[in-house]
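For reference, the chains in residue letters:
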Amino acid sequence: MTYDSEDIQQILQIALAQKQEGEFSHQQLIEMASELNISPQILEKAEQQWLSQRSDQHQQRAFNNVRRQGFTAHLISFLAVNSFLILLNLFTSPSYFWAIFPLLGWGLGLFFHGLGISQNEGKAYEQAFQKWCSQRLPGKNFDHHN
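Everything in this summary refers to the structure shown in the same document. Remember, predicted model here, so these are calculated numbers, not experimental data.

What about the overall build of the protein?
The number of helices and strands found in the protein is five helices and zero strands. Going from the N terminus to the C terminus, the protein shows its helices and strands as α-α-α-α-α. Out of the 146 residues in the protein, the part that is buried amounts to 17%. The contacts of the protein with a sequence gap of at least 6 include a subset with a gap of at least 24, amounting to 58%. By element, 60% of the accessible surface of the protein is carried by carbon and sulfur atoms, the whole surface being about 11,400 Å².

As structure tokens, this is what we get:
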């Protein structure tokens, strides 16, 4: 039976997961790569790429958390203000429900805010992420199209 490189990668990933030894040292990584005829230079490049991808994923998780926190704050202020407006409306003019107008208008904005943060890919997401990164770490440009 013969295997292509993708098959080997998948088999080794399954075997390593089943081994459940936990962590490997850098020396063990080098030894495994050597047994697979992977040069130290290729291993070093792969490790650097993996570290970069891991950093990118961490940054994106942080960005998504900030977006969710912003939406939560928006939702809480929506509920507080509109609850107050409804109560005010019921006490001042119960025959005319004018509080529906700010409730619907703000609710529409809240809906689109929620829709926007549910998108975790695409051009708009990438632009927002790049802007957030540049504001967070001036002088650093995160390029996620590697």
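Considering the packing of helix H3 (residues 40–92) against helix H4 (residues 100–118)
Taken N-terminus to C-terminus, the directions of H3 and H4 make an angle of 170°; their axes are 10 Å apart at the nearest point. The orientation of H3 relative to H4 falls into the category roughly antiparallel. Crossing geometry of H3 relative to H4 is assigned as left-handed. Judged by residue contacts, Arg-67, Arg-68, Gly-70, Phe-71, His-74, Leu-75, Ser-77, Phe-78, Val-81, Asn-82, Leu-85 and Ile-86 of H3 engage Pro-102, Leu-103, Trp-106, Gly-107, Gly-109, Leu-110, His-113, Gly-114, Gly-116, Ile-117 and Ser-118 from H4. Split by residue class, the contact of H3 with H4 holds 11 nonpolar, 10 polar and two charged.

Some details on a nonpolar patch on the surface
On the surface, Met-1, Tyr-3, Ile-8, Ile-11, Leu-12, Leu-36, Ile-38 and Ile-42 cluster together to form a nonpolar patch covering roughly 810 Å² of accessible area. With three residues, the single largest contributor to the nonpolar patch is helix H1 (residues 5–19). Residue position: Tyr-3 is located in the segment before H1.

What counts and what doesn't
Residues numbered from 1 in each chain as written. Predicted model: local features only at pLDDT ≥ 70, side-chain atom pairs only at ≥ 80, totals over all residues. Heavy atoms only, no water. Helix = DSSP H or I, 4+ residues; strand = E, 2+ residues; numbered from the N terminus. Buried < 20%, exposed > 50% of the residue type's maximum accessible area, 1.4 Å probe, protein only. Contact = heavy atoms within 4.5 Å. Areas by Shrake-Rupley, 256 points an atom, 1.4 Å probe, with all protein chains shown as cover. Axes fitted to C-alpha atoms, helices over the stretch in contact; angles between N-to-C directions. Parallel < 35°, antiparallel > 145°, perpendicular 65-115°, else oblique. Left-handed = near helix turned anticlockwise from the far one by under 90°. Nonpolar A, V, L, I, M, F, W, Y, C, P; charged D, E, K, R; others polar. Patch = residues over 30% accessible without salt bridge, like charges linked within 9 Å, V, L, I, M, F, W, Y side chains within 5 Å. Salt bridge = Lys/Arg side-chain N within 4 Å of Asp/Glu carboxyl O.

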